Structure formats: C-alpha cells, structure tokens
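Examining the three-dimensional arrangement
So you can see what is in the structure, the chains are spelled out below.
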Amino acid sequence: MPTPASPATATATATAASAFPPPSQRAAAAPTAALVYIKLVLVALFWGGTFIAGRVVAQALPAMTAATGRFAVAVALLLLLAWKVEGGLPRLNKTQLATTAALGFTGIFLYNLCFLAALARMPAGRTALFVALNPIVTALASAWLLRERLGGIKWLGIAVAFAGTAVVITRGDPLGALHDLGQSIGAGELLMFCAICSWAAYTMIGRSALKGLTPIAATTYAAMWGLALLAGGAALEFSSIAWSALGWRAWASIAYLGVFGTVLGFVWYYEGVKAIGPSRTAVFNNLVPVFGIALAAVLLDEPVLVSMLVGGAMAIVGVFLTNRPGGR
C-alpha cells in the first residue's frame with residue numbers, strides 16, 4: 001500500500017525526533033518519573049484516538065490491508081527515527097530474533113487483526129471499553145507465568161473489573177444475557193477478547209525484549225515482523241479493493257494510526273515498561289476507554305449509554321484495586 005504523505009506526518013516525525021534526543025544528551029538528562037507518567041497519559045490519549053481512526057479505516061478497508069497501511073507508515077518512520085537517534089538498528093542475536101518475532105506476532109499482527117476486525121463490527125466507544133480488561137489480564141498472566149502473588153485486594157479488584165465489563169458487554173443486563181448470550185457476545189466482542197489477550201502477551205514479552213534493546217529498537221523490529229506477517233495476508237485482499245473510492249478520512253486515519261498510535265505510542269509505552277514495570281504501565285490503559293468514549297461521542301456522534309458509564313467506572317475501580325501501591 002502506498003504511504004500517504006501529509007504535513008501532519010512530517011510534523012509528527014519532527015515531534016518524534018525531538019522527543020528522543022541523541023544518546024549523549026539522554027545520558028546527561030535521564031527521563032524523570034514525572035515525564036514517564038506524562039508520556040503514558042499521552043499514549044492513552046493517542047490510543048483512545050485509534051478507536052476513532054480504526055473505525056473509519058475498518059469501514060473502508062479489510063482488516064489485513066488496513067493494518068498493513070498502518071504499519072507501512074510506522075515502519076518507515078521508526079527506521080528513520082532509529083537512524084537519527086541511535087545511528088541505526090543493532091544486530092540481533094538468536095534470542096532477540098525470537099523475542100522480537102513474538103512481539104511482532106502478538107502485539108502487531110494478532111492484536112491489529114482482531115482490533116480492526118472488531119471495530120468493523122462494533123461502535124468505537126463500546127470497543128474502547130474493552131481495553132479496561134488489559135491490566136487485569138496482564139496481572140493474571142503475571143501471577144500465572146511470573147508467580148506474582150495476588151492478595152485479597154487484588155482478587156477483589158479483578159472481580160469488580162470483570163463485573164464492570166459484564167455490565168458493559170450486556171448493556172446493563174448481565175442476568176438477562178445469561179438466557180441469550182448470542183445477543184450480548186457477538187463476533188466483535190470475541191475479537192476484542194482475543195486482542196486483549198494478545199496485548200497482555202505483548203506486554204509480558206516486552207519486558208524480556210528490553211533487557212538488551214532500546215525501546216526504539218524493540219518497537220522497530222516488532223513492527224517490521226508484524227508488517228511482514230500482515231502484508232502476506234493483505235496481498236490476497238488488494239485486488240478486491242476500490243482504491244479510487246477511498247476518501248481523505250481513510251488516508252488520514254491510516255497516517256494517524258501509524259504516527260501517533262504506533263510510533264509515539266509504542267515507544268513511549270515501552271519506556272514506561274522499562275522505567276516502572278509492566279503491571280504499573282498497564283494501569284494507564286484505564287485512561288484509553290475514557291479518551292475513546294469521549295472522542296467517539298464528539299467526533300463520531302456515538303451515544304454514551306448509562307451501562308457504559310457504570311460498567312466502565314466499575315472496571316476502572318477494579319483495575320485500581322488490582323494495581324494500587326502496596327496492594328500485594
């Protein structure tokens with residue numbers, strides 16, 4: 001897919017370059033905890049916007065092709081960023097090859113395939129609320145794989161978050177949904193559950209990847225692996241697409257997904273994982289549905305249901321209990 005060129009893309013490239021100073025300057029001024037937290041809030045805003053951009057793209061293009069366009073833009077900018085900031089990409093050993101390939105498969109290929117396919121079937125605001133499950137799934141994965149202990153407060157938080165998600169999924173009628181799950185849990189919901197699980201895997205694998213790679217290098221290699229996998233599937237879709245019918249909104253959305261949803265979002269997210277750990281970084285995903293619902297209401301005129309507000313609030317409270325300081 002051709003890469004759209006626009007002033008916004010050029011501006012974002014300049015912004016990304018200024019956000020990552022040369023190694024000599026980084027050594028003199030390491031990022032403070034406050035700066036890491038600010039970046040993670042901005043990541044949540046960027047990713048909240050991906051639900052709107054993804055909704056636009058998903059209605060205009062098949063999922064594989066849309067994701068390929070996103071990462072064609074992202075890889076081009078990441079390679080430029082890696083060359084400008086770090087002098088290029090390091091050579092990977094066998095372990096790093098396997099790790100970055102796993103990142104590309106989970107966080108790029110599988111997540112985006114499920115994410116965009118879900119957005120083609122669900123409103124952006126409703127889809128965004130599912131992100132509240134990300135920290136819970138990450139905490140459960142940490143307990144299972146890394147043997148992190150979950151105390152009573154954490155288990156209470158997990159239960160509250162799942163209850164809130166049930167309210168959202170069933171539109172405020174979880175008991176009634178038991179009689180007819182097909183009306184509450186459709187293909188879109190199942191696809192988002194798959195996306196959430198793949199993102200939890202990406203977060204966990206990312207901690208290992210950052211032991212020997214910078215956030216820029218790890219993100220770039222993961223994006224390259226993911227792009228290769230996505231492009232293979234997209235090649236089967238190209239002939240069925242009416243390219244001349246695509247409007248500027250679709251191209252602008254692809255550019256947004258590549259620049260803000262991937263380049264800045266992924267690199268800054270990785271900085272958070274490296275600085276404060278995967279569980280505490282994942283907590284900032286709580287803000288993604290808040291931004292997603294607000295942007296969907298403003299930009300797409302989507303309704304905000306009472307069940308979305310109540311269930312979303314329960315999920316956020318549950319995540320806070322699960323990840324609060326001293327809650328082990």
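Heads up: the structure comes first, above all this text.
An account of the accompanying structure is given in this report.

Rules of the game
Residues numbered from 1 in each chain as written. Predicted model: local features only at pLDDT ≥ 70, side-chain atom pairs only at ≥ 80, totals over all residues. Heavy atoms only, no water. Helix = DSSP H or I, 4+ residues; strand = E, 2+ residues; numbered from the N terminus. Buried < 20%, exposed > 50% of the residue type's maximum accessible area, 1.4 Å probe, protein only. Areas by Shrake-Rupley, 256 points an atom, 1.4 Å probe, with all protein chains shown as cover. Expected span 1.5 Å × (residues − 1). Axes fitted to C-alpha atoms, helices over the stretch in contact; angles between N-to-C directions. Parallel < 35°, antiparallel > 145°, perpendicular 65-115°, else oblique. Left-handed = near helix turned anticlockwise from the far one by under 90°. Nonpolar A, V, L, I, M, F, W, Y, C, P; charged D, E, K, R; others polar. Arc of directions from axis to C-beta. Salt bridge = Lys/Arg side-chain N within 4 Å of Asp/Glu carboxyl O. Core = buried A, V, L, I, M, F, W, Y, C linked by side-chain atoms within 4.5 Å. Contact = heavy atoms within 4.5 Å. 1 Å grid on protein atoms, 1.4 Å probe; cavity = no way out; pocket = protein on both sides within 12 Å on 5 of 7 lines; lining within 4 Å. Points joined across faces, edges and corners; volume = space filled by probe spheres on them. Patch = residues over 30% accessible without salt bridge, like charges linked within 9 Å, V, L, I, M, F, W, Y side chains within 5 Å.

1. Notes on the overall build of the chain
Of regular secondary structure, the chain possesses 16 helices and zero strands. The buried share among the 328 residues of the chain stands at 52%. As presented, the chain carries roughly 14,400 Å² of accessible surface, and 68% of it is formed by carbon and sulfur atoms.

2. Quick look at the environment of Ala245
Among the structural elements, Ala245 can be located in the loop between helix H12 (215–234) and helix H13 (248–276). Separated by 185 residues in the primary sequence, Ala245 and Ala60 have C-alpha atoms spaced 9.0 Å apart.

3. Some remarks on H12
In a regular helix each residue adds 1.5 Å, so 20 residues correspond to 28 Å; H12 covers 27 Å between its end C-alpha atoms and thus fits that length. Counting buried positions along H12 gives 14 out of 20 residues, so the element sits mostly inside the fold.

4. With respect to the packing of helix H3 (residues 33–58) against H13
Close contact between H3 and H13 brings their axes to 8 Å; oriented N to C, the two are set at 150°. Considered as vectors, H3 and H13 are oriented roughly antiparallel to each other. By crossing handedness, the relation of H3 to H13 is classed as left-handed. For the contact of H3 with H13, the residue count by class is 22 nonpolar, seven polar and three charged.

5. Describing helix H15 (residues 287–299)
Note on helix geometry: an α-helix contains 3.6 residues per turn, so any two residues three or four positions apart are oriented the same way. Between its terminal C-alpha atoms H15 stretches 18 Å, which fits the 18 Å expected from 13 residues at 1.5 Å a residue. Within H15 the residues assigned to the buried category are Val288, Pro289, Gly292, Ile293 and Ala296. Projection of H15 onto a plane perpendicular to its axis shows the buried side chains occupying an angular sector of 125°, all on one side. Within H15, the exposed residues directed more than 90 degrees away from the buried face are Val298 and Leu299. Within two residues after H15, Asp301 carries a phi angle of roughly 55°, on the positive side.

6. Quick word on the pattern of salt bridges
The tally for this structure, following the rule as stated, stands at one salt bridge. With a closest N to O distance of 3.0 Å, Glu271 and Lys39 form a salt bridge. Taken as a pair, Glu271 in helix H13 and Lys39 in helix H3 lie far apart in primary sequence, 232 residues in all. Assigned by exposure class, Glu271 and Lys39 land together as buried.

7. Focus on the nonpolar core
With 75 residues, the main nonpolar core has Trp47, Phe51, Leu61, Phe71, Phe115, Trp199 and Leu230 as its most contacted residues. At the level of secondary structure, the elements contributing two or more residues to this core comprise H3, helix H4 (63–86), helix H5 (94–119), helix H6 (124–129), helix H11 (187–209), H12, H13 and H15. Residue contributions to this core peak at 13 residues, all from H4. With sequence-adjacent residues up to four places away left out, Leu230 is seen in contact with Met64, Ala67, Thr68, Phe71, Ile108 and Phe109.

8. Re empty space enclosed by the protein
Over the atoms a probe the size of a water molecule is rolled, and this reveals where empty space is left. Under the criterion given, the structure shown has three cavities of 30 Å³ or more. Here the residues of the lining of the largest cavity are counted per class, giving eight nonpolar, three polar and one charged.

9. Concerning a nonpolar patch on the surface
A grouping of Leu35, Ile38, Leu42 and Leu45 is seen on the molecular surface, where their side chains present a nonpolar patch of about 300 Å² in accessible area. Here Ile38 is to be found in helix H3.

10. Looking at the environment of Tyr256
Here Tyr256 is to be found in helix H13. You can call Tyr256 partly exposed: its relative accessible area is 23%. Distance from Tyr256 to Val73, taken between C-alpha atoms, is 9.2 Å for residues 183 residues apart in sequence. Setting aside its immediate chain neighbours within four residues, Tyr256 contacts Leu45, Phe46, Gly49, Thr50, Ala53 and Gly261.

11. Some words on the packing of H4 against H12
Viewed as axis vectors pointing N to C, H4 and H12 meet at an angle of 150°, and their least axial separation amounts to 8 Å. On the basis of their axis angle, the class for H4 and H12 is roughly antiparallel. Note that H4 runs across H12; the crossing there is left-handed. Here the contact of H4 with H12 is built from residues that sort into 18 nonpolar, five polar and one charged.

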